[in-house]
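# Per-entry structural report
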Amino acid sequence: MKMPVWFVFVLGALSAAGEVFVAKVGGKVTLKCGVSSYRRSLQWHHGNDFLHSVDQRGFPRKGSAELVQRSVVRQTNLEISSVRETDAGRFTCSADGTRREHTLSVFSVLVSVKPSAVLKLNDEATLQCEVKGQPQGCEVKWQSPNTDSPTDSSTVQLKPVTSSHNGAWQCIVTCGSNKLSQSLTITVKEPPTTTKSPPKLNGKSEKPCGTNCGNDDASPRLLGLAWWVWVAIGVGCLVAILLMVCVIVLCVRVKRRKKRFLKMKGQQRPRHKKYCQCDHPTAAAKPKQGRRREKPSALPLHPA
């Protein structure tokens, strides 16, 4: 009789066993409930505080805790943003009456370098990765920018500083399957190279030769050309522009004169008078002038 009871108790304990999640202060973490779906309802609690509840129809219900404003339920998981130290503790996920308890560990990672993040070659520096609130079983390692094998220590001594130390260092905190990191950038400055002065001739040092070596006149140059070349180019462009303007003006004047000449020529042409051809009776032809016709003689008078 005791065996079935113990068997049920062990199954219930295994089903209620949850995971351990770690998060960095100010970061984001996703707590997995452990189930992919539910039929009736899903609830999330932080300790004794009620956070979220979703029923089968998808209607959400929120609690009054401060964590509610920074968390949201996506499917069955709980996402928390802007993680704070007070968020650490026990989280309970209830899906259709089955409870699963999870633990969230919150810690802060502080990285620093002494004496400063800007170093010189052959200096000495110390890198420190301090983890506050670190849970048990977590490891802290430093990852240098130019090597793949991290250093199993929260403190790294750079003696001396070399050019290979330049770049972004990573402080990696590993807690089981969870891994978090914090970066730190170190800048290594190399000393300026000193140039030797040329030998002196007759007690006078010669100045280093620049781009005008071999030229007697050290005239200033623009785009590799002397100033007088640019002056000549400018004068040539100005002359070309003036010639173009003169040609345009002459063309305009020739056109105007041609139009004026054609206009005057059209005015000098004789104009033909147009007569009105109307339907009037023609006038009788005038008799030809010549000899005067003799008047007919008077007829003789006959007696009555």
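Residues numbered from 1 in each chain as written. Predicted model: local features only at pLDDT ≥ 70, side-chain atom pairs only at ≥ 80, totals over all residues. Heavy atoms only, no water.

Take the overall build of the chain next. When helices and strands are tallied, the chain shows 2 helices and 19 strands. In the chain, of all internal contacts separated by at least 6 residues, the share reaching a separation of at least 24 is 54%. Total accessible area computed for the chain in this model is approximately 24600 Å², and 56% of it derives from carbon and sulfur atoms. (Helix = DSSP H or I, 4+ residues; strand = E, 2+ residues; numbered from the N terminus. Contact = heavy atoms within 4.5 Å. Areas by Shrake-Rupley, 256 points an atom, 1.4 Å probe, with all protein chains shown as cover.)

The next subject is the state of the cysteines. Under the counting rule described, the total for this entry stands at 3 disulfides. Here C129 connects covalently by a disulfide to C171, the sulfurs 1.7 Å from one another. Residues C129 and C171 are joined by a disulfide whose S-S torsion is about -70°; by sign, that bridge is left-handed. Separated by 42 residues along the polypeptide, C129 in strand β11 (residues 125-132) and C171 in strand β14 (residues 167-175) bring together distant segments of the chain. Each member of the pair, C129 as well as C171, carries the same accessibility label: buried. (Disulfide = S-S within 2.5 Å. Buried < 20%, exposed > 50% of the residue type's maximum accessible area, 1.4 Å probe, protein only.)

Here the focus is the side chain of D87. Looking at the element boundaries, D87 is found in the loop between β7 (77-81) and β8 (89-95). A relative accessible area of 2% places D87 in the buried class. Ignoring any residue separated from it by four or fewer positions in sequence, one finds D87 in contact with H46, L67, R70, I80, S82, L104 and V106.

Let us now look at the sheet that holds strand β2 (residues 28-31). The pairing of strands in a sheet comes from backbone hydrogen bonds and takes either a parallel or an antiparallel form. With antiparallel pairing, the 3 strands of this open sheet are ordered in space as β2-β7-β6. Looking along the sheet, the strands with just one partner apiece sit at the ends: β2 and β6 (71-74). Here the strands of the sheet are splayed against their neighbours by 20° on average, with no regard to which way each runs. With 4 bridges connecting them, β2 and β7 associate as antiparallel partners. Its bridge partner being in β7, K28 is matched across the sheet by S81. (Pairing = 2+ DSSP bridges. Axes fitted to C-alpha atoms, helices over the stretch in contact; angles between N-to-C directions.)

The next subject is the confidence of the model for the chain. For the chain, per-residue confidence averages 78 on the pLDDT scale, and residues scoring 70 or more make up 71% of the total. Mean pLDDT in the chain bottoms out at helix α1 (residues 2-16), which sits at 40, and peaks at β7, which reaches 94. In this model, residues 1-15 is a region of pLDDT below 50 whose contacts with residues beyond four sequence positions or in other chains number 2 contacts. (pLDDT = per-residue confidence, 0-100.)

What follows concerns the nonpolar core. The tendency in soluble globular proteins is for nonpolar side chains to be buried as a group. Ranked by size, the top nonpolar core spans 23 residues in total, and within it L127, W142, L158, V173 and I186 carry the most contacts. Elements with a minimum of two residues in this core: β9 (98-114), β11, β12 (138-143), β13 (155-158), β14 and β15 (178-189). Residues contacting V173, with those up to four places away along its chain left out, are F107, V109, V131, C138, E139, V140, N178, K179 and L180. In terms of nonpolar packing, the next biggest core, distinct from the first, is built from 20 residues, V35, W44, C93 and A95 among them. (Core = buried A, V, L, I, M, F, W, Y, C linked by side-chain atoms within 4.5 Å.)

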